[in-house]
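Given next are the chains, with one letter for each unit.
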Amino acid sequence: MVGEAAPAVEAEGLTLSYGERKALDGVSLRVPRGEIFALLGPNGGGKTTLFRILSTSLPPDSGSLRIDGLDAARERREVRRRLGVVFQAPSLDRKLSVLENLSCQGRLYGLSGREIASRSRELLEALRLSDRASDLVETLSGGLARRAEIAKALLHRPPVLLLDEPSTGLDPGARKDLRELLARLSGEGTAVLLTTHLFEEAEAADRIGLLDHGRLVGLGTPAELKSAVGGDVIAVATSGPEEAAALAREVRERFGADAGKVGSVDASVRLERKEAHAFVPRLVEAFPGRFRSLTIGEPTLEDAFVDLTGHGFREREEIHW
Amino acid sequence: MTAALTLARREIVRFLRQPSRVVGAIAPPLLMWLLIGSGFRGSFRAPGEAAGGYVAYFYPGTVVLVILFASIFATISVIEDRREGFLQAVLVAPVAPHQIVLGKVLGGAVLGLLQGGVLLLFVPVLGLPWSARDLLFTVGVLALLSLSLTALGFSFAWSLESTQGFHAVMNLFLIPMWLLSGAFFPVHGAPLWMRLVMAINPLTYGVAALRRTLTPEGAAGAPGMGVALALTAGFAVVMLLVATAVVAARPGGPSRRRGRKP
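The rules we used
Think of each chain on its own: its residues are numbered from 1, step by step along the sequence as written. All chains are assigned letters beginning with A, and all ligands numbers beginning with 1, in the order in which they are written. It should be noted that, the model being predicted, local features are given only for residues of pLDDT at least 70 and side-chain atom pairs only at 80 or more, the latter also being counted only at that level, while totals for whole chains, interfaces and linings use all residues. In computing side-chain values, all of the structure's heavy atoms are included and hydrogens and water are not. Note on geometry: axes are C-alpha line fits, over the in-contact stretch for helices, and angles between N-to-C directions span 0 to 180 degrees. The numbering of helices and of strands both runs from the N terminus, where a helix is a DSSP run of H or I of at least 4 residues and a strand a run of E of at least 2. In this scheme, roughly parallel covers angles under 35 degrees and roughly antiparallel covers those over 145, while 65 to 115 is roughly perpendicular and the rest are oblique. Contacts are assigned to residue pairs with any non-hydrogen atoms lying within 4.5 Å of each other. Multiply 1.5 Å by the residue count of a helix minus one, and that product is the helix's expected span. A simple rule labels every residue: compare its accessible area, found with a 1.4 Å probe on the protein chains alone, to the largest value its type can have, and call it buried under 20%, exposed over 50%, or partly exposed in between. This arc is taken over the directions from the axis of the helix to the C-beta atoms. Throughout, the edges of the domains are those of an automatic or database domain assignment. As a working definition, buried area equals the accessible area (1.4 Å probe) given up by two parts on being put together, with both sides summed. For two strands to be treated as a pair, DSSP must find no fewer than two bridges joining them.

## Quick notes on the packing of helix α1 (residues 2–16) of chain B against helix α3 (residues 53–84) of chain B
Residues and elements named next belong to chain B.
No. 1: Axis separation between α1 and α3 bottoms out at 12 Å; the angle between their running directions is 95°. In terms of axis orientation, α1 runs roughly perpendicular to α3. Seen from α1, the contacting residues are Arg-10, Glu-11 and Arg-14; seen from α3, they are Ala-74, Ser-77, Glu-80, Asp-81 and Glu-84.

Here it is, written out as structure tokens:
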């Protein structure tokens, strides 16, 4: 079933354990051509394990993976030709120049010398690296090396590009460049799948998969995920976790269902409610002096994550509804 | 084959860009040769003792030691490649495991041969027999030894996480293997158990082949040329197969090892 109809990435029930610990627990997802798909989740959520399986570095314990309609277990070589992989840790040889690195990569992917030369020129131009082409990688700054890394992954024109935390170590300007580059690639039909723990980076994706404790807990466009949160979000900062829990209880007692969904995460109280702006004055008047600050806003991806998982994104913030 | 040659070429380019490695591989054995060879000159009577005394006797062993060091340094680079990240990209490239082995081992073997070859410049100085045929033959044996030792080192290095671990392997295994190869002292004077160990040590045959060509006077008691050559070639083939099997069994190396539930 190779052809236009096959999705670029098709994972079914991917599961993997490290000893007793289940790092991935039945993850299924499909990424069509031309889509930018972000795997968003806290560190330890299973992103890196999933990335390693998708990149064929690691076979899953069970489940299947198809790239461009080809089975990754049975047609590994062909699958690998279709994948461009940008690892989180650098993979360039620091003792070689940028061009030498590209040439080495090209040979490993079976490109001819002529293809390598023209493709390298094209990519270095696009990534604004042309003037550093002959410099040893060890002389490049982190941002430039990252760009060279991306050029290396794109050399063989892979229909699927995988990037593990691609904006690590990039300054804001370089992040913007990267976003533009990925948008251009997806416009040309490349499926781009990236992992990230940054909400703003995921926000730019066409679709997001929320990964928590090895499970895909949410899947959809950024707007869809956010709209799943019941209305606006009011966050009230208090003096500490106990105070937050107590206050949440009092809010519930006082307003009942009128307060919407009330919970506490760490030192703050969270309310999800439609028309939150109308409710805020009543809330403030009911508990004078108990708030350190209050913010109100449309739900963010972080809110969606908290809503779906029942805990905060950072550390081990349990939410108590 | 392109992939293997690409990786081999990279190995050589990297080496030439790190001059300290060149010095590190050639200088210590050379120094050892001169100091030990000169020091033993009076007290140690090498068999035959025609030309050059112990300095000459010790010479083939020194060449082998240079090759051993070169191979060790070349294969330590597997561990570095893994740590520095280069290997992770190679491991997801559409390349068969044996190509990776062949690339690494060929690159390392060329380096070993080059460094061993530098020592051949001492042949005329020592007044050892020298003919074009002998030289060609010697280079052939050195090539086989370089291949075997690099593949041997690679097989160890593939599953090791740190270069410290490799030093342990080197001191406990590779150096004794060299000491008990007839490079340092002849087989026939050794106690029986040691002679047995020397007989099953594949390196013994490489040293013997070199000694029979370079310093035939000192070759008394060493294995004959036919056996020496056959076993040296066999050693190379076996080690290449072992290295390939190690990679196939553990494609991800040490870090990807993970406990599976029974």
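## Considering helix α6 (residues 172–187) of chain A
All names here are of chain A.
No. 1: Between its terminal C-alpha atoms α6 stretches 23 Å, which fits the 22 Å expected from 16 residues at 1.5 Å a residue.
No. 2: All buried positions along α6 are accounted for by Ala-174, Leu-178, Leu-181, Leu-182, Leu-185 and Ser-186. All buried residues of α6 project into a common sector of 130° when viewed along the axis, lining one side. When the buried face of α6 is taken as reference, the exposed residues oriented beyond 90 degrees from it are Pro-172 and Gly-187.
No. 3: Buried residues in α6 make contact with β3 (36–40), α5 (142–154), β7 (160–164), β8 (191–196) and α7 (199–203).
No. 4: Within two residues after α6, Gly-189 carries a phi angle of roughly 105°, on the positive side.

## What to know about the domain arrangement of chain A
Residue and element names in this part refer to chain A.
No. 1: When the domains of chain A are assigned, the result is domain 1 (9–226) and domain 2 (228–309).
No. 2: Of note, the centres of domain 1 and domain 2, computed from C-alpha atoms alone, are 38 Å apart.
No. 3: Each partner contributes to the interface: domain 1 provides 15 residues, whereas domain 2 provides 10 residues.
No. 4: For the pairing of domain 1 and domain 2, the buried interface totals around 980 Å² over both sides, and the portion due to carbon and sulfur atoms is 75%.

## Focus on the pairing of β8(A)
Residues and elements named next belong to chain A.
No. 1: Across the six residues that make up β8, a large majority, six, are buried.
No. 2: Of the two faces of β8, the one carrying Ala-191, Leu-193 and Thr-195 and the one carrying Val-192, Leu-194 and Thr-196 are both buried.
No. 3: Relative to β8, β3 runs parallel, the two sharing five bridges. Within β8, the position partnered with Leu-40 by the bridge is Thr-196.
No. 4: In the sheet, β7 pairs with β8 via five bridges, with the strands oriented parallel.

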